[in-house]
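# Notes for the structure review
Chain by chain, the residues run as shown.
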Amino acid sequence: MLIEIRDATARLALAVGQGAFALADALRELDADPDARVLFVSGDWEAVGAALRADPDAGLVEALAALRIPVVAWVGGPCFDEALEFALAADVRFAGAAAAFRMAQARGGRTPRHGGTQRLPRAVGRGAAMRMLLAGDAPDVDEAVRIGLAQGAASEADAERVALAIAGAGPIAAQYVKEAVAASADLPLRDGLRLEADLSVLLHATADRAEGVRSFLEKRLPRFEGR
Amino acid sequence: MSGFLALRYEKRDGAAVITLNRPDAVNAFNLRMRDEFWEALTAARDDPDVRGLLVAGAGERGFCAGADLAEFGSSPSQAAARYARWARDLWGALLDLPKPTMAAAHGVCFGSGLEIAALCDLRIVSSDAVFALPEASLGLIPAAGGTQTLPRIIGLPRAMEAALTGRRVSAQEAHRAGFADWVVPRERLLREAEERLRAVASAPPDALALVKRAVNEGADMTLGEGLRLERRLAARLG
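Residues numbered from 1 in each chain as written. Chains lettered and ligands numbered in written order. Predicted model: local features only at pLDDT ≥ 70, side-chain atom pairs only at ≥ 80, totals over all residues. Heavy atoms only, no water.

All names here are of chain B. Strand order in the open sheet formed by four strands is E4-E6-E8-E9, and the pairing between neighbours is mixed. Every interior strand has two partners, whereas the edge strands, strand E4 (62-64) and strand E9 (169-170), have only one. Direction of pairing for strand E8 (residues 130-132) relative to E9: antiparallel, over a ladder of two bridges. Its bridge partner lying in E9, Val 130 is registered against Ser 170. In the packing of helix H4 (residues 112-119) onto the sheet, contacts are made with E4, strand E6 (108-110) and E8, and the angle to E6 comes to roughly 85°. (Pairing = 2+ DSSP bridges. Helix = DSSP H or I, 4+ residues; strand = E, 2+ residues; numbered from the N terminus. Contact = heavy atoms within 4.5 Å. Axes fitted to C-alpha atoms, helices over the stretch in contact; angles between N-to-C directions.)

The next subject is the domain arrangement of chain A. All names here are of chain A. One can read the domain layout of chain A as domain 1 (3-166) and domain 2 (170-217). When each unit is reduced to the centre of its C-alpha atoms, the spacing between domain 1 and domain 2 is 25 Å. In this assembly, eight residues from domain 1 lie in contact with six residues from domain 2. The contact between domain 1 and domain 2 buries some 610 Å² in all, and 53% of this surface belongs to carbon and sulfur atoms. Of all residues in domain 1, Arg 37, Arg 68 and Arg 122 bury the most surface against domain 2, accounting for 52% of the area lost on that side. Put simply, domain 1 and domain 2 have one salt bridge between them. (Domains from an automatic or database assignment. Buried area = accessible area lost by both parts, 1.4 Å probe. Salt bridge = Lys/Arg side-chain N within 4 Å of Asp/Glu carboxyl O.)

Turning our attention to unusual backbone geometry. Backbone geometry places Ala 8 of chain A, a non-glycine residue, at a positive phi of 65°. Tracing the backbone through its elements, the reader meets Ala 8 of chain A in the loop between strand E1 (3-6) and strand E2 (9-14). Phi at Asp 13 of chain B is positive, roughly 55°, even though this residue is not glycine. With respect to the helices, strands and loops of the structure, Asp 13 of chain B is situated in the loop between strand E1 (7-12) and strand E2 (15-20). The class for Asp 13 of chain B is exposed, based on a relative accessible area of 68%. (Buried < 20%, exposed > 50% of the residue type's maximum accessible area, 1.4 Å probe, protein only.)

What follows concerns empty space enclosed by the protein. All names here are of chain B. Taken as a whole and assessed by the stated rule, the structure comprises one cavity of 30 Å³ or more. Estimated volume of the largest cavity: approximately 50 Å³. Contributing to the lining of the largest cavity are Trp 38, Leu 41, Thr 42, Arg 45, Ala 93 and Leu 97. It is helix H1 (residues 31-46) that provides the largest number of residues to the lining of the largest cavity, a total of four residues. Taken together, the residues of the lining of the largest cavity break down into four nonpolar, one polar and one charged. (1 Å grid on protein atoms, 1.4 Å probe; cavity = no way out; pocket = protein on both sides within 12 Å on 5 of 7 lines; lining within 4 Å. Points joined across faces, edges and corners; volume = space filled by probe spheres on them. Nonpolar A, V, L, I, M, F, W, Y, C, P; charged D, E, K, R; others polar.)

By size, the foremost hydrophobic cluster in this structure holds 78 residues, and its most contacted members are Tyr 9, Phe 37, Leu 53, Phe 63, Phe 131 and Phe 179 of chain B. If we skip the residues at most four places from it in the chain, Leu 53 of chain B touches Ala 16, Ile 18, Leu 41, Ala 44, Leu 94, Leu 97, Pro 100, Thr 101, Met 102 and Leu 197 of chain B. Judged by nonpolar contacts, the second largest core, of 50 residues, contains Ala 20, Ala 26, Leu 60 and Leu 120 of chain A. (Core = buried A, V, L, I, M, F, W, Y, C linked by side-chain atoms within 4.5 Å.)

Turning our attention to the packing of aromatic side chains. Two aromatic rings, taken as a pair, are described by how far apart their centres are and by the angle between their planes. Under the counting rule described, the total for this entry stands at five aromatic pairs over all chains. Relative to Phe 179 of chain B, the ring of Phe 131 of chain B lies with its centre 5.4 Å away and its plane at 75°, an arrangement referred to as edge-to-face. You can see Phe 131 of chain B sitting in strand E8 and its partner Phe 179 of chain B sitting in the loop between helix H7 (171-176) and strand E10 (182-184), a full 48 residues away along the chain. Phe 179 of chain B carries the same exposure label as Phe 131 of chain B, and that label is buried. Within the aromatic cluster, the residues linked to one another by ring pairs are Phe 29, Phe 37 and Trp 91 of chain B. Lying over the aromatic face of Phe 80 of chain A, Arg 102 of chain A brings its terminal NZ or CZ to 4.1 Å of the ring centre. Here the guanidinium or amino end of Arg 85 of chain B rests over the ring plane of Trp 86 of chain B, the centre of that ring lying 4.0 Å away. (Phe/Tyr/Trp six-rings, centres within 6.5 Å; stacked < 30°, edge-to-face > 60°. Lys NZ or Arg CZ within 6 Å of the ring centre and 35° of its normal.)

A few words on a positive patch on the surface. A contiguous patch of positive charge, built from Arg 228, Arg 231, Arg 232 and Arg 236 of chain B, is present on the exposed surface. Relative to the helices and strands, Arg 232 of chain B resides in helix H10 (residues 223-237). (Patch = residues over 30% accessible without salt bridge, like charges linked within 9 Å, V, L, I, M, F, W, Y side chains within 5 Å. Areas by Shrake-Rupley, 256 points an atom, 1.4 Å probe, with all protein chains shown as cover. Lys, Arg positive; Asp, Glu negative; His and termini not counted. Charge placed at Lys NZ, Arg CZ, Asp CG, Glu CD.)

Where helix H9 (residues 171-183) of chain A contacts helix H6 (residues 156-165) of chain B, the two axes come as close as 10 Å, and the packing angle between them is 160°. Judged by the inter-axis angle, H9 of chain A sits roughly antiparallel to H6 of chain B. Crossing handedness for the pair H9 of chain A and H6 of chain B: right-handed. Contacts between H9 of chain A and H6 of chain B involve Ala 174, Val 177, Lys 178, Val 181 and Ala 182 of chain A from the former and Leu 156, Ala 159, Met 160, Ala 163 and Leu 164 of chain B from the latter. (Parallel < 35°, antiparallel > 145°, perpendicular 65-115°, else oblique. Left-handed = near helix turned anticlockwise from the far one by under 90°.)

Counting residues at the interface gives 52 residues for chain A, matched by 38 residues for chain B. Summed over both sides, the interface between chain A and chain B buries roughly 3,800 Å², with carbon and sulfur atoms accounting for 67% of that surface. Across the salt bridge formed by Asp 198 of chain A and Arg 82 of chain B, the nearest N and O atoms sit 2.7 Å from each other. Joining chain A to chain B, the criterion identifies 14 residue pairs in polar contact (both at pLDDT 80 or more). Tallying contributions element by element places helix H10 (residues 189-203) of chain A first for the side of chain A that touches chain B, with 13 residues. (Polar contact = N/O pair within 3.5 Å; in protein donor to acceptor, adjacent residues only side chain to side chain.)

Okay, structure coming up:
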């Protein structure tokens, strides 16, 4: 089992030997699993980078990006090139003390082909992205947090706690938040606002929304069922 | 202007000030406030003496704690709720106000409070301000534009983290992220907000309105289209 689900949280520990096709299949299966409310990815990012170089057409980054549930990534070591393209398909990234980032394929005469030229500028802005892509700049942890590549410096345990917190949110609401915020990069503002409003109105029919509001008014923790 | 119960509307020296005014409920945004906000916004838009709009919150505890959940479930149907959202597009009207807008946020600034601030052009906050989008933890999503406006201000990943986790963010972090344009001590917030807004609004109103349009509309265009829009708008000023 590449992905393990516990406490509504799916965990993927990246490791040498995991092939890109097998990982992509596991992610597609996860998308159909109602027990998982969030995915936490950690482990050996260079391993997934190597897997992507070995099988670039496995659809692995696409499978991660297509997940409906939120994805929290913790990077505790080198996360270069293809590995960083994979990490950029997560929704929230945290950097451990030994994290290192680089997207310098062009320095070796290649170009990113798993979304790096599109997702990196959307994450950190055009200027910081160009510095990494063209000049090969490798931001340290502080710089990665400053430019928005990572959302914080954190230990693996602290990053996992963020995933668990997301798993405690209303699961449909969390998916809709992900969908709406992700769409903000692709839609004109007017259309994005339409999508947000429609998703918000769709939630009116969910038991979770009623439970969330009731629990707030009764000052207790909500019990969400994903319906 | 009289008759408002959930907010105050004042004009001072060219600046219109809308003050959310339900301090006992940390200015929780309710239906009455929505209706009055629409009226106040219309007045500010149509009044040639008003050159800029400031939105603030009354009371000690904060700018706005978010939507008033006590009223949730009061809509008769999904169709009615969807209709009501667009029958009077309050958030679009704030976004499109052809005059500079500024939020002055102190203390609690959660949910739609944060979203109202995000719909303004500029944000000045007190050093004790705290920001969060707690909607998902309640089985809701932000619905005053936050999922679209926040990524445009602080970038996609930061906005995603804020909206997924509901984490509370300090004024200082909000400033580093580019959400808060200025951080000042609480006791200076309103005075400095009005001063800065008047300084912004002292430029010719036509130019300000056109710059605002070029930036907002251009953000959704290809660069080539945006440059053409800019040239077209610039030509209007001669």
